[in-house]
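Next come the chains, spelled out residue by residue.
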Amino acid sequence: MPSQDHAELHFADIASLSRQLREGTLSPVVLTQAFLDRIEAMDASLRSYATVLADEALEQARQAEEELIRGQWRGPLHGVPLGLKDLFFKKGAPTTGGMWIYRDFRPAYDATVVTRLREAGAVILGKLRLTEGAWTRDHPEFPTPLNPWDASRWVGASSSGPAVATASGLCTASLGSDTGGSIRFPCAMTRLTGIKPTWGRVSVYGAFGLAPSMDHVGPMTRSAEDAGHVLQAIAGPDPNDPMALVGPVPEFVVPEPNVEGLRIGLDEELAVSSVDPEVAGVIEAVAATMESAGAEICSVRLPPLGPVCDGFGSFCGAEAAVVHESTFPSRRDEYGPFLRDFLDRGRTVTGMEMARFERDRRALSGALAALFEHVDLLLVPVLVTTGRELTPEIDIAPEEVGSFTRFTTPFNASGNPTITMPGGCAADGTSIAFQFVAPTLAERRLVTAGRVFQSASDWHLAHPSGVGPNTEAPAT
C-alpha cells in the first residue's frame, strides 16, 4: 500500500476512508500514524485523551493492512481509527471512569463494545477523558477537556473527551455513554452527531456504570451515516449482559435514504414556545427542511415530562450509590466534591421516591408508545437555551438537574432512541442542536432521517477554526 501524507483525511467520513482502505490507496498504518501525530501536536492544549495507546494502535493498523491486502474485509470500520470514553474496559489499559479512585486500575478483559470494535477491524487510538463517574464535573486531579470551538464554553458532560477528540479530528469517531444527556450535550456543544440507542440495544458489559437502568452506550461522530456505521458494529445481544436486548440487528445505513411520507411529530408549545427564540428558530427550520424532503410535520402534544424530570436526580443518585457501595463512603476522601455530594444524596433517597419515579417512567414509556402509533419520529431540542451562558465551571445542583435536562432525561427513563445533530447557530456562533426521537428499536429510522437532513444542510461539515478544512471561526 502507498505510504504518503493524508493530513486532509482527519475529517474524512467513514465511508470514504473505508473505500480508500479497501481499494489499497490508503494505508491503515499511515492513517493511524497521522492521527497519532495530530494527537501529539494538539492534545496537550485540548486535553481530550486520558491515555494514548500508540504502540497497540499501530499493531492493530498493521494487522488491518495485512488483512486488507489479502482481501479480508471486515466492514466499514476496518482500519479506521476510533477513540473510547475512558469508562470502557480495555484489557491491560488504564481505565479510570474519570475517577481518581481507579487511577491505577487496568482491566483483565475488554468491554463487549471494545471486543466488537476489534472484530470489526477498528483501530483503537486510546481512552478519552470524562467527568468523574460519568456525573457532571471532573475530579480535581484530572484536567477538563476544552471545547475546541471556544475554550470559555462548556464542552458537555460526561462524554467530554470523546466530543473534543472527534470534533478536533483526533479520531474519526468515538464511543460515549449517556444516562441523562451525556452523549447529547457534548454533541450539541461541539457540532457532532450522536446516537443514544434504545436502552439495551448496546451491551454495557465491561463499562463503569452510573445508573444501570438508564445507562446507554452509543457513537459520537461527525455525521449520521458515520454514527450508523459505528452503531452497526457494537449493537446486538450479549450473553454477558442480561440487560442487553435479544433480537436481530437491522442494517442501519440503507443505500438510498428518503423520508417521503415520514410523519414527524412536533409539539410547538413544548419545543418552540417554551424555549429560547434562537432554539425555536432552529427547530422550525429543521421542520421546514424535513418537510421539503417529503416528510409530514404533525402537530402533537407530548405526554407530561415534568414528573420524570423532577425525580431523575434522586433516582439516578440512588442507583449510583448502589454502583459505588463497595468504595463509597468507605473511601470518600478519594472522591471529588460533586460526585461525593451526589452519592451522599443518593444514599438518602427513600423507597417511596424510587417507587414514584418508576411509576412515572412507566407512564411516560406507555404514553410515548401510544404517541408513536400516530407519528414515526418526534422533533425536540437538546437544550432549552442556546448554551452560550454555559461555562466549563458549570455547577448543576441535584435539584436543578430535571429542569436543565428537560429534553434529555425523559428518553433515558423511557429508553427511546434519539439522534442529536447540529441544526443551526445562535447569533454569537454557538451551535444549536436538535434531536429526533424514535420508537424503541427504530435506530435505522433515526439514521435515515439524519442522513436526509444532513444531505440538505452543512452544519455538520464545519470544523473549529484552525483545526482543519471547511472551518468556521468560533465565537469570541
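Everything numeric here is computed off the predicted structure, so don't read it as measured data.

Reading the values: the criteria
- Residues numbered from 1 in each chain as written.
- Predicted model: local features only at pLDDT ≥ 70, side-chain atom pairs only at ≥ 80, totals over all residues.
- Heavy atoms only, no water.
- Helix = DSSP H or I, 4+ residues; strand = E, 2+ residues; numbered from the N terminus.
- Rg over C-alpha atoms; globule rule 2.2 N^0.38 Å.
- Contact = heavy atoms within 4.5 Å.
- Areas by Shrake-Rupley, 256 points an atom, 1.4 Å probe, with all protein chains shown as cover.
- Lys, Arg positive; Asp, Glu negative; His and termini not counted.
- Charge placed at Lys NZ, Arg CZ, Asp CG, Glu CD.
- Core = buried A, V, L, I, M, F, W, Y, C linked by side-chain atoms within 4.5 Å.
- Buried < 20%, exposed > 50% of the residue type's maximum accessible area, 1.4 Å probe, protein only.
- Pairing = 2+ DSSP bridges.
- Polar contact = N/O pair within 3.5 Å; in protein donor to acceptor, adjacent residues only side chain to side chain.
- Axes fitted to C-alpha atoms, helices over the stretch in contact; angles between N-to-C directions.
- Parallel < 35°, antiparallel > 145°, perpendicular 65-115°, else oblique.
- Left-handed = near helix turned anticlockwise from the far one by under 90°.
- Nonpolar A, V, L, I, M, F, W, Y, C, P; charged D, E, K, R; others polar.
- pLDDT = per-residue confidence, 0-100.
- Disulfide = S-S within 2.5 Å.

Engineer: Before we move on, can you summarise the overall build of the protein with the specific residues and values?
Structural biologist: A tally of regular secondary structure across the protein gives 15 helices and 13 strands. Against the 2.2 N^0.38 benchmark of 23 Å for 476 residues, the protein shows a C-alpha radius of gyration of 21 Å, consistent with a compact globule. Taken along the three principal axes of its C-alpha coordinates, the protein extends 60 × 60 × 50 Å. Taking as baseline every contact in the protein between residues at least 6 positions apart, the subset at least 24 positions apart corresponds to 77%. As displayed, the protein offers around 17,400 Å² of accessible surface, 50% of which is attributable to carbon and sulfur atoms. One way to put it: in the protein the 39 positive side-chain charges average out to a point 4 Å from where the 59 negative ones average out.

Engineer: With reference to specific residues and values, describe the nonpolar core.
Structural biologist: Among the nonpolar cores identified, the biggest contains 134 residues, and L117, M290 and F436 are the most heavily contacted of them. Counting residues per element, this core draws most heavily on helix α9 (residues 277-292), which supplies seven residues. Excluding anything up to four places from it in sequence, L117 contacts L77, L82, L84, A122, I124, L175, A233 and I234. A163, I183, L192 and M220 belong to the second-largest nonpolar core, a separate cluster that totals six residues.

Engineer: Requested: an account of the pairing of strand β11 (residues 431-437), with residues and values cited.
Structural biologist: The element β11 is extensively covered by neighbouring structure, given that seven of its seven residues are classed as buried. A two-sided burial pattern is seen for β11, the buried positions comprising S431, A433, Q435 and V437 on one face and I432, F434 and F436 on the other. The pairing of strand β9 (residues 377-381) with β11 spans four bridges and is antiparallel. Within the sheet, the bridge partner assigned to V380 lies in β11 and is Q435. Sheet topology places strand β10 (residues 418-425) next to β11; seven bridges connect them, and they run antiparallel. Each residue of the ladder has a partner; that of P422, found in β11, is A433.

Engineer: Before we move on, could you go through the side chain of S213 and cite the residues and values that matter?
Structural biologist: The topology assignment puts S213 in the loop between β5 (193-196) and β6 (216-221). A residue is classified by how much of its surface remains accessible, and S213, at 18% relative accessible area, is buried. There is a polar contact of 3.0 Å between the side chain of S213 and the side chain of R361. Those residues in contact with S213 that sit more than four places away from it in its chain are W199, F315, E319, R361 and N412.

Engineer: A description of helix α1 (residues 14-23) should follow, citing residues and the corresponding values.
Structural biologist: Restricting attention to buried positions, one finds in α1 the residues I14, S16, L17, S18, Q20 and L21. Here the buried face of α1 lies against α2 (28-46), α3 (54-69) and α7 (224-234). Among the residues of α1, the N-terminal cap falls to D13, whose side-chain oxygen and the backbone nitrogen of A15 are separated by 3.1 Å. Looking one or two residues beyond α1, the residue adopting positive phi is G24, at roughly 90°.

Engineer: An account of the environment of T112 is requested, with residue identities and associated values reported.
Structural biologist: Looking at where T112 falls in the secondary structure, it is placed in helix α4 (residues 112-119). Through-space distance from the C-alpha of T112 to that of F88 is 8.8 Å; in sequence the pair is 24 residues apart. The residues touching T112, leaving out its near neighbours within four places in the chain, are S203, Y205 and D238.

Engineer: Pulling in residues and values, what's your account of the packing of helix α10 (residues 306-323) against helix α12 (residues 351-371)?
Structural biologist: Look at α10 against α12: their axes get within 9 Å of each other, and the N-to-C directions meet at 130°. Classed by the angle they form, the pair α10 and α12 counts as oblique. Note on packing geometry: the crossing formed by α10 with α12 is left-handed. Each of P307, V308, G311, F312, S314, F315 and A318 in α10 lies in contact with α12, whose residues at this interface are E353, M354, F357, E358, D360, R361 and L364. Partitioned by chemical class, the residues of the contact of α10 with α12 number eight nonpolar, two polar and four charged.

Engineer: Residues and numbers for the confidence of the model for the protein, please.
Structural biologist: Here the protein shows a mean pLDDT of 95. Residues at 70 or above account for 96%. This model gives residues 1-5 a pLDDT under 50, and the stretch forms 15 contacts once residues within four places in sequence are excluded.

Engineer: How would you sum up the state of the cysteines? Please name residues and give values.
Structural biologist: One pass over the full model with this rule turns up zero disulfides. Free cysteine: C309, not disulfide-bonded; nearest cysteine sulfur from C316 at 13 Å. Assessed through its relative accessible area of 3%, C309 is described here as buried.

Engineer: Give me the sheet that holds β10: which residues, what numbers.
Structural biologist: The strand order β1-β3-β2-β4-β6-β5-β10-β11-β9-β7-β8 describes an open sheet built from eleven strands, whose pairing is mixed. Looking at which strands have only one partner, the edges of the open sheet turn out to be β1 (49-52) and β8 (296-299). The mean inter-strand angle of the sheet, taken between neighbouring strand axes irrespective of direction, is 30°. Taken strand by strand, α3 contacts β1 and β3 (123-128), and its axis lies near 155° from that of β3. Here α9 sits on the sheet and contacts β7 (263-266), β8, β9, β10 and β11; the angle it forms with β11, its principal contact strand, is near 50°.

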